[in-house]
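# Descriptive structure summary
Each chain is listed here by its residues.
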Amino acid sequence: MSKICSLKEAIARIVKNGDSVAMEGFTHLIPYAAGHEVIRQQKRNLTLIRMTPDLIYDQLIGAGCVKKMIFSWGGNPGVGSLHRFRDAVENGWPQPLEIQEHSHADMASTYDAGAANLPFAVLRGHIGSDLPLYNPQIKWITCPFTDEKLAVMPALNPDVTIIHAQQADQQGNVFLWGIVGVQKQAVLAAEKVIITVEEIVVKLNPPPNGIVLPHWVIDAVCKVPGGAFPSYTQGYYERNNRFYQQWDPIARDRERFNQWIHDYVMAVENFADYKAQLEKDLIPGDTK
Amino acid sequence: MNQYTAEEMMTIAASRKLKNGVVCFVGIGLPSAAANLARLTHAPDVVLIYESGTIGTKPNVLPLSIGDGELSESAQMVVSVPEMFRYWLQGGWVDVGFLGAAQIDKFANINTTVIGDYHQPKTRLPGAGGAPEISTNAKESLIILKQSKRAFVEKVSFITSPGHLSGGDAREKAGLSTKGPTAVITDLGVLAPDPVSKELVLVSLHEGSTVEQAQEATGWHLKTNDPVPFTPPPTPLELSVLRDLNERTALAHSGTH
């Protein structure tokens, strides 16, 4: 059976209320389209996992989908704060947000351990930092061979991992390249996997060491051209830095944010309609 | 009177700290500007690494984010994030970590997590990112940030990335064998840890700034070298390369992409 289906169907079938969901991407290939579909279907009480939660997690938090966030750096890269994230942590709006905080080295290792089916990750890290005082999941062991003190954290195994990639073939095998972050680990660590792609091609043509995720580790492959916008897809389109800058004033204001979610997510049918609407509104030189 | 701004002087002073040929793990923002200026002036063989996985990257414009396409397209190679932190950083290949900070204290500990109580924060900051392990696994680290009473506090409310902890040999006693912060470069001058106490001392002042100004922008009694020398002003080359870089960057980021 082909794994290819619509994004609407994939999110409806695979993402359940209360799931832990990792929508990974390290600045590149961020699965915005899938995030919007989760908001549109009003999934609730999610535990969101991501090393670098950015605008799409800000939107999911502000839209009331999220109970808890596991992360290692939450900001608008190069711009500043995530205001919906801050409002949730500082003021409990629209609902309190539980946080579980890591460092990048730590979190990358916990995905890696999850993919390797190990119970925990080990790290030469966290020494001297206050983070272990506030994240009880970080514990210490003594190396049985050298007596060195090392940090350990439980493996990360999301219920669902969602990523965006460049290409899939008809069978649902996926090929991605460029900055690939922690996506391969997040996919192999997860119970269920949804991947959106720029295009479906007749034949993938990866180099021998290219990153290919075979169809048999994936549950759904959805064609969503531009699905990483306003982040970027190497070889297809560049990062829309203006959008990241323009998001700041929108996210600062609860009413303006609600209106934005209504206009650009809830009131549109799909990501293509959203992009068409947004491109019409994003007039060069308009920075309001 | 000055023909350059305090921010330009800060970036140039920071760039000079990076020796040619070193392997440098670069934070986004001010560190990235300084590191690329070094690469484009006196340190053409510096190897710049960004945590998104790009190694030996030579961006033509400064990236807005840590994973801009410009970084991967101009990189010698791109590796996964787990590989970056586990093999290259923890593996011991990084000479210098170049970090920014929201808040720093007198022993160069960095806070990028939270102002106020962790559970009921006054200001929630982005969090740790790569900095804690950069500051402990790189052989030494440089820190660049603007000096103000809000940013330079006697004791940070949260140590995200350890500097010299409580000073003296505290870092070594905690089990850290790397040097930690060796300089803090600001818009007013350069601070460095005292060799014994590890307390930050003002070791040079940018022209146009005074010791009083530096003290006024510091939340503890700031010790200074006596007399404190002036930082050599920017050379015409440094200034023109930096301005060209900033101009290219502004142009690239103002477009629709």
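Residues numbered from 1 in each chain as written. Chains lettered and ligands numbered in written order. Predicted model: local features only at pLDDT ≥ 70, side-chain atom pairs only at ≥ 80, totals over all residues. Heavy atoms only, no water.

Secondary structure summary: chain B contains 8 helices and 14 strands in total. A globule of 257 residues ought to have a C-alpha radius of gyration of about 18 Å, and chain B, at 18 Å, matches this closely. A principal-axis box enclosing the C-alpha atoms of chain B has dimensions of 45 × 45 × 35 Å. Split into buried and exposed, the 257 residues of chain B put 60% on the buried side. As displayed, chain B offers around 10200 Å² of accessible surface, 55% of which is attributable to carbon and sulfur atoms. For chain B, the centre of its 21 positive side-chain charges and the centre of its 26 negative side-chain charges are spaced 4 Å apart. (Helix = DSSP H or I, 4+ residues; strand = E, 2+ residues; numbered from the N terminus. Rg over C-alpha atoms; globule rule 2.2 N^0.38 Å. Buried < 20%, exposed > 50% of the residue type's maximum accessible area, 1.4 Å probe, protein only. Areas by Shrake-Rupley, 256 points an atom, 1.4 Å probe, with all protein chains shown as cover. Lys, Arg positive; Asp, Glu negative; His and termini not counted. Charge placed at Lys NZ, Arg CZ, Asp CG, Glu CD.)

All names here are of chain A. What the domain assignment reports for chain A is domain 1 (7–101 + 158–281) and domain 2 (104–154). For domain 1 versus domain 2, the separation of C-alpha centres amounts to 27 Å. At the boundary of domain 1 with domain 2, total buried surface from both sides reaches about 1100 Å², with 70% on carbon and sulfur atoms. When the area that domain 1 buries against domain 2 is broken down by residue, the three leading residues are Met 51, Glu 101 and Gln 185, summing to 40%. If you look at where domain 1 meets domain 2, you find 0 salt bridges. Secondary-structure elements contributing two or more residues to the side of domain 1 that touches domain 2 are β2 (46–50), β3 (66–71), β4 (98–101) and α7 (183–189). When residues in the side of domain 1 that touches domain 2 are grouped by element, the largest group, 4 residues, is from α7. Its residues assigned to classes, the side of domain 1 that touches domain 2 comprises 12 nonpolar, 4 polar and 3 charged. (Domains from an automatic or database assignment. Buried area = accessible area lost by both parts, 1.4 Å probe. Salt bridge = Lys/Arg side-chain N within 4 Å of Asp/Glu carboxyl O. Nonpolar A, V, L, I, M, F, W, Y, C, P; charged D, E, K, R; others polar.)

For the coordinates displayed, the defined rule picks out 17 aromatic pairs over all chains. On the basis of an interplanar angle of 75 degrees and a centroid distance of 5.5 Å, the ring pair of Phe71(A) and Phe85(A) is categorised as edge-to-face. You can see Phe71(A) sitting in strand β3 and its partner Phe85(A) sitting in helix α4 (residues 83–91), a full 14 residues away along the chain. We classify Phe71(A) as buried; its relative accessible area is 0%. Judged by centre distance (5.7 Å) and plane angle (25 degrees), the ring pair of Tyr118(B) and Phe158(B) falls under stacked. (Phe/Tyr/Trp six-rings, centres within 6.5 Å; stacked < 30°, edge-to-face > 60°.)

Glancing now at the pairing of strand β11 (residues 181–185) of chain B. Along any regular strand the residues' side chains alternate between the sheet's two faces. All names here are of chain B. The element β11 is largely enclosed, with a buried count of 4 among its 5 residues. Taken together, the 4 bridges between strand β10 (residues 140–144) and β11 define a ladder with parallel strand orientation. Note that in β11 the partner of Ser 141 across the bridge is Pro 181. Bridging between β11 and strand β12 (residues 189–193) involves 2 bridges; their strand directions are antiparallel. Counterpart to Val 184 in the pairing with β12 is Leu 191. Where β11 folds back on β12, the antiparallel hairpin that results is connected by 3 residues. (Pairing = 2+ DSSP bridges.)

This part covers the side chain of Glu133(B). Along the chain, the position of Glu133(B) falls in helix α5 (residues 131–137). Polar side-chain contacts of Glu133(B) include one of 3.0 Å to the backbone nitrogen of His126(A). In this structure Glu133(B) touches Ser103(A), Ala105(A), Leu123(A), Arg124(A), Gly125(A), His126(A), Leu89(B) and Ala138(B), once residues within four positions along its chain are discounted. (Polar contact = N/O pair within 3.5 Å; in protein donor to acceptor, adjacent residues only side chain to side chain. Contact = heavy atoms within 4.5 Å.)

With 9 of its 9 residues buried, helix α2 (residues 32–40) of chain A lies for the most part within the structure. At the exit of α2(A) stands Gln42(A), carrying a positive phi of roughly 50 degrees.

On the surface, a nonpolar cluster with roughly 220 Å² of combined accessible area is contributed by Phe120(A), Val122(A) and Ile141(A). Positionally, Phe120(A) belongs in strand β5 (residues 120–123). (Patch = residues over 30% accessible without salt bridge, like charges linked within 9 Å, V, L, I, M, F, W, Y side chains within 5 Å.)

Okay, the interface of chain B and chain A next. Contact residues are listed per partner, giving 46 residues for chain B and 49 residues for chain A. Of the roughly 4000 Å² buried at the junction of chain B and chain A (both faces included), carbon and sulfur atoms supply 58%. Together, Leu64(B), Arg124(B) and Pro126(B) form the three largest contributors to the area buried by chain B at its contact with chain A, with a combined 17%. At the boundary of chain B and chain A, one finds 1 salt bridge. Measuring nitrogen to oxygen at the nearest pair gives 2.6 Å for the salt bridge that ties Glu101(A) to Arg124(B). Viewed at the interface, chain A and chain B are joined by 22 residue pairs in polar contact (both at pLDDT 80 or more). Among the residues making up the side of chain B that touches chain A, the classes are represented as 17 nonpolar, 22 polar and 7 charged.

Once that is clear, we can look at helix α3 (residues 55–62) of chain A. Residue and element names in this part refer to chain A. The buried fraction of α3 is high, at 8 of 8 residues. Every buried residue belonging to α3 is among Leu 55, Ile 56, Tyr 57, Asp 58, Gln 59, Leu 60, Ile 61 and Gly 62, and all of these are buried. Of the residues flanking the end of α3, it is Gly 64, one or two places downstream, whose phi is positive at about 85 degrees.

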